[in-house]
Amino acid sequence: MREVDLGSGRALLIKEHGEFAAMGHKCPHYGAPLVKGVLSKGHVRCPWHGACFNIATGDLEDFPGLDSLPTFQVRVEKDKVIIRANKQALQSQKRSKPMARCSAVINSSTGFSHVLIIGSGPAGLVCAETLRQEGFTDRIVMCTMDKHPPYDRPKLSKSLESTAEQLRLRSMDFLQSHDIELLTEKEAVAVDVKTRAVTFEDGLRMEYRKLFIATGSKPKPMNYKGKDVRNVFHLRTPEDANSVARLANNKNAVIVGTSFVGMEVAAALTDKAHSVSIIGMETVPFKKALGEKVGKAIMKLFEANRVKFYMLNEVSEMIGHHGQLKEVVLKSGKVLRADVCVIGAGSAPATGFLKQSGVHMDSKGFITVNKMMQTNVDGIFAGGDVVVFPFLQRSNKKVNIPHWQMAHVHGRVAALSMMGRATEIKTVPYFWSAMFGKSIRIAGYGDGFDDVIIQGDLDELKFVAFYTRSEEVVAVASMNYDPIVSRVAEVLGSGKTIKKRDVETGDISWLIDKGSQ
């Protein structure tokens, strides 16, 4: 793979099995240079977040992201490779797949939609777009509690000052031009499966033929005194993030919980706030997700950036002055000065409105679905953070994987299922986090790992960590080691297993070298 300059823009030139192809050189998701990615079996995998693009068509074959890549004509004359490219495509570096329009005559006040989608996160949005891409010509209505069109929620905790406009994934114009109706500030309160209708808090009742539930998660309730004190936030909206950034300016910020969101917010506040303190219940952050050694190395990075940790601790009280937060009291008795507090202490599925519906949920409130994203109720599908689904790489054990990338996949599978085109999830989970300008990438499903094999240098934060269960690698995490995580995702995605002994030797060149074809 080579990046080539064509005068009015750059293209990625690829040679696989003696055949040439050319396409956009930047991943449309966050602009990663695809030349640093992994070429394998007719597709290129992004080095940053694992999205895959077909080298013949440029089509997005695996997520995250919504757009595909433009492709360019290539011909070989004597010993020259000639690329013919459209100037506009070279400059935009992305394209949307063609979509059908709605052919049904619809009065927008009609309380019926052929497909009703609850939630406008990646699962809901990809479901709607996939239906249109696959030629669905009936009505699609997407309802959301948000007041904005779909936006890039993972960026909220990393870039606190971004507006909804800056984070926007699709504009109202885009949705309208593809006949995807969006109803904002709509909270579902009940589903009647007999009459196939959803009731919303404002009294709206909407009947459906097919329903897709993608309501995401909500913060877990916490027990402490002083719930009425102001300037305590769960990071849910761009407005929340903007308020946190404003209130923390030269002031004292306290973060409750060492979740990825909590830690990202803490990192984002260090150059704004006077002080940043993190309260965590474990001994080190990310212990359950990444293991003690990696957690400790990341903790050191934070401490080097003036962040104070209060681990093995919980909040007992928030104390206000004239109603505004002034102190956070810990169960240990320690009192922290605080002008703003962000709670990132875990979440639960937002499925309360389904309690009496007959839609099957497990004891934690997750909706159980089959591999086609169907619930136990005919015509009702679900996806994203709210579901447990059969996971191929764990012998179809039902798992919950609350990743942004996985939600995209669920939306696509649900849409294809609605159209009678069953497809299996072969996607390898891919997750990322960014703190202090450094990225951590994770692929696979490491739940219940029993050992961690680390190659590289943890102190320098240039490492790769392999998570194993018995004798098999089930997940990988890295910092400053691209494209190793995408390479492992490629191997696992092809159905191969990586044995523990293969990564214990210290020689992982067999994994790295393949990435630079």
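Residues numbered from 1 in each chain as written. Predicted model: local features only at pLDDT ≥ 70, side-chain atom pairs only at ≥ 80, totals over all residues. Heavy atoms only, no water.

1. Concerning a nonpolar patch on the surface
We apply this condition: Every patch collects residues that have over 30% relative accessible area and no salt bridge, joining them within 9 Å if they carry like charges and within 5 Å if they are nonpolar side chains (Val, Leu, Ile, Met, Phe, Trp, Tyr). All accessible-area figures derive from a Shrake-Rupley calculation using a 1.4 Å probe, and residue coverage is judged against the displayed protein chains alone. Any Lys or Arg side-chain nitrogen found within 4 Å of a carboxyl oxygen on Asp or Glu counts as a salt bridge. Secondary structure is summarised from DSSP: a helix means a run of H or I of at least four residues, a strand means a run of E of at least two, and numbering begins at the N terminus for each. Partly exposed describes any residue whose relative accessible area lies between the buried limit of under 20% and the exposed limit of over 50%, with all areas from a 1.4 Å probe on protein chains only and scaled to the type maximum.
A cluster of nonpolar side chains, contributed by Phe20, Val76 and Val81, occupies part of the molecular surface with about 220 Å² of accessible area. As for its placement among the helices and strands, Val76 is situated in strand β8 (residues 71-77). Judged by relative accessible area, which is 48%, Val76 ranks as partly exposed.

2. With respect to helix α10 (residues 484-493)
For α10, the tally of buried residues reaches 9 of 10 residues, placing the bulk of the element in the interior. Among the residues of α10, those classed as buried are Ile484, Val485, Ser486, Arg487, Val488, Ala489, Glu490, Val491 and Leu492.

3. Things to note about the side chain of Glu129
The condition that has to hold: Whenever two N or O atoms come within 3.5 Å, that pair is a polar contact, provided that in protein one can donate a hydrogen and the other can accept it, and provided that, for residues adjacent in sequence, both atoms are side-chain atoms. Any two residues whose heavy atoms approach within 4.5 Å at even a single point are treated as in contact.
Within the secondary structure layout, Glu129 lies in helix α2 (residues 122-133). Reaching out from Glu129, the side chain makes a polar contact with the side chain of Arg170 at a distance of 2.7 Å. Once residues lying within four places of it in the same chain are set aside, the contact partners of Glu129 are Leu66, Met99, Arg170, Phe174 and Ile180.

4. Side note on the environment of Lys499
Structurally, Lys499 can be placed in the loop between α10 and α11 (500-504). A relative accessible area of 29% means that Lys499 is categorised as partly exposed. Once the C-alpha coordinates of Lys499 and Asn231 are considered, the two residues, 268 residues apart in sequence, prove to be 49 Å apart. Apart from residues lying up to four places away in sequence, Lys499 is in contact with Glu471, Glu472 and Val473.

5. Quick notes on the packing of aromatic side chains
This is how the line gets drawn: Aromatic pairs are defined between Phe, Tyr and Trp rings, using the six-membered ring for Trp, whenever the two ring centres lie within 6.5 Å; interplanar angles under 30 degrees are classed as stacked, those over 60 as edge-to-face, and all others as tilted. A ring is considered to have a charge above it if a Lys NZ or an Arg CZ atom is located within 6 Å of its centre and within 35 degrees of its normal.
Within the structure shown, the criterion is met by 8 aromatic pairs. The interplanar angle of 65° and the centroid separation of 6.1 Å between the aromatic rings of Phe302 and Phe309 together place this pair among those described as edge-to-face. A residue is classified by how much of its surface remains accessible, and Phe302, at 0% relative accessible area, is buried. Their ring planes at 80° and their centres at 6.2 Å tell us that Phe389 and Phe391 sit as a pair that is edge-to-face. In textbook terms, an aromatic cluster arises when at least three aromatic residues are bridged by ring pairs, as seen for Phe260, Phe286 and Phe431. Lys227 extends its terminal NZ or CZ atom over the ring of Tyr224, reaching a point 5.0 Å from the ring centre.

6. Comments concerning the environment of Ile117
Looking at where Ile117 falls in the secondary structure, it is placed in strand β10 (residues 112-118). Assessed through its relative accessible area of 0%, Ile117 is described here as buried. Taking the C-alpha atoms as reference, Ile117 lies 8.5 Å from Lys210; in sequence the two are 93 residues apart. Non-local contacts of Ile117, meaning those with residues more than four positions away in its chain, are made with Gly124, Cys127, Ala128, Ile140, Val141, Met142, Cys143 and Phe212.

7. Focus on the packing of α2 against helix α9 (residues 404-418)
The description of two helices packed together rests on the angle between their axes and the distance between the axes. What counts, and what does not: Note on method: axes are straight lines fitted to C-alpha atoms, helices fitted across the in-contact stretch only, with angles between N-to-C directions ranging 0 to 180 degrees. What makes a crossing left-handed is the near helix being turned counterclockwise from the far one by less than a right angle; a clockwise turn instead makes it right-handed. Throughout this entry, Asp, Glu, Lys and Arg are counted as charged residues, while Ala, Val, Leu, Ile, Met, Phe, Trp, Tyr, Cys and Pro are counted as nonpolar. The remaining residues, Gly among them, count as polar.
One way to put it is that α2 packs onto α9 with a least axis distance of 7 Å and a crossing angle of 40°. Considering the relative orientation of α2 and α9, their crossing is right-handed. On α9, the residues touching Pro122, Ala123, Val126, Cys127, Thr130, Leu131 and Gln133 of α2 are Trp404, Ala407, His408, Gly411, Arg412, Ala415, Leu416 and Met418. Split into classes, the residues belonging to the contact of α2 with α9 amount to 10 nonpolar, 4 polar and 1 charged.

8. Here we look at α9
Quick note on the threshold: By this rule, a helix spans an expected 1.5 Å times one less than how many residues it contains.
Here α9 is 15 residues long and its end C-alpha atoms lie 22 Å apart, about the 21 Å a rise of 1.5 Å per residue gives. The element α9 is largely enclosed, with a buried count of 14 among its 15 residues. After α9 finishes, the residue Gly420 shows a positive phi value of roughly 75°.

9. Remarks on the sheet that holds strand β22 (residues 324-330)
To be explicit about the condition: Whether two strands pair comes down to DSSP finding at least two bridges between them.
Read from one edge to the other, the open sheet built from 3 strands follows the order β21-β22-β23, with strand pairing classed as antiparallel. Because the sheet does not close on itself, it has two edges, and the strands there are β21 (315-321) and β23 (335-337). Within the sheet, the average angular offset between the axes of one strand and its neighbour, ignoring direction, is 30°. Pairing of β21 with β22, which is carried by 6 bridges, proceeds in the antiparallel orientation. Of the residues in β22, the one forming a bridge with Glu317 is Val329.

10. Side note on unusual backbone geometry
In this structure, Pro64 follows Phe63 across a cis peptide bond, with omega equal to 20°. Residue position: Pro64 is located in the loop between β7 (60-62) and β8. The peptide bond linking Asp482 to Pro483 adopts the cis configuration, its omega dihedral lying at 0°. Looking at the element boundaries, Pro483 is found in the loop between β34 (472-479) and α10. Backbone geometry places Lys78, a non-glycine residue, at a positive phi of 55°. Summarising the element assignment, Lys78 is placed in the loop between β8 and β9 (80-84). Here the phi dihedral of Ser395 falls at roughly 55°; this positive angle occurs in a residue that is not glycine. As for its placement among the helices and strands, Ser395 is situated in the loop between β28 (387-391) and β29 (397-399).

11. Regarding the sheet that holds strand β17 (residues 232-233)
Read from one edge of the open sheet, 5 strands run β17-β24-β18-β19-β20, paired in parallel fashion. Looking at which strands have only one partner, the edges of the open sheet turn out to be β17 and β20 (307-310).

12. Some words on the pattern of salt bridges
Going through the model one piece at a time under the given rule, you end up with 27 salt bridges. Through salt bridges with shared partners, a single ionic network connects Glu3, Asp5 and Arg10.

13. Here we look at the nonpolar core
Quick note on the threshold: Here, nonpolar core means buried Ala, Val, Leu, Ile, Met, Phe, Trp, Tyr and Cys residues that are tied together by side-chain atoms lying within 4.5 Å of each other.
By size, the foremost hydrophobic cluster in this structure holds 74 residues, and its most contacted members are Val44, Val198, Leu211, Phe212, Ile367 and Phe389. Per element, the largest residue contribution to this core is 7 residues, and it comes from α9.

14. A few points about the environment of Glu201
Its place among the elements puts Glu201 in the loop between β14 (197-200) and β15 (205-213). A relative accessible area of 59% means that Glu201 is categorised as exposed. If we ignore the near neighbours within four places in the chain, the residues touching Glu201 are Glu187 and Val189.

15. Brief notes about the side chain of Arg139
Note on placement: Arg139 falls in the loop between α2 and β11 (140-143). A residue is classified by how much of its surface remains accessible, and Arg139, at 1% relative accessible area, is buried.

16. Notes on the pairing of strand β3 (residues 19-23)
Inspection of the sheet shows strand β2 (residues 10-16) paired to β3 by 5 bridges, in the antiparallel sense. Paired with Lys15 across the strands is Phe20, a residue of β3. Connecting the antiparallel pair β2 and β3 is a turn made up of 2 residues, with His17 showing a positive phi of about 50°. Across 2 bridges, the pairing between β3 and β8 is antiparallel. Residue pairing across strands places Met23 opposite Thr71, the latter belonging to β8.

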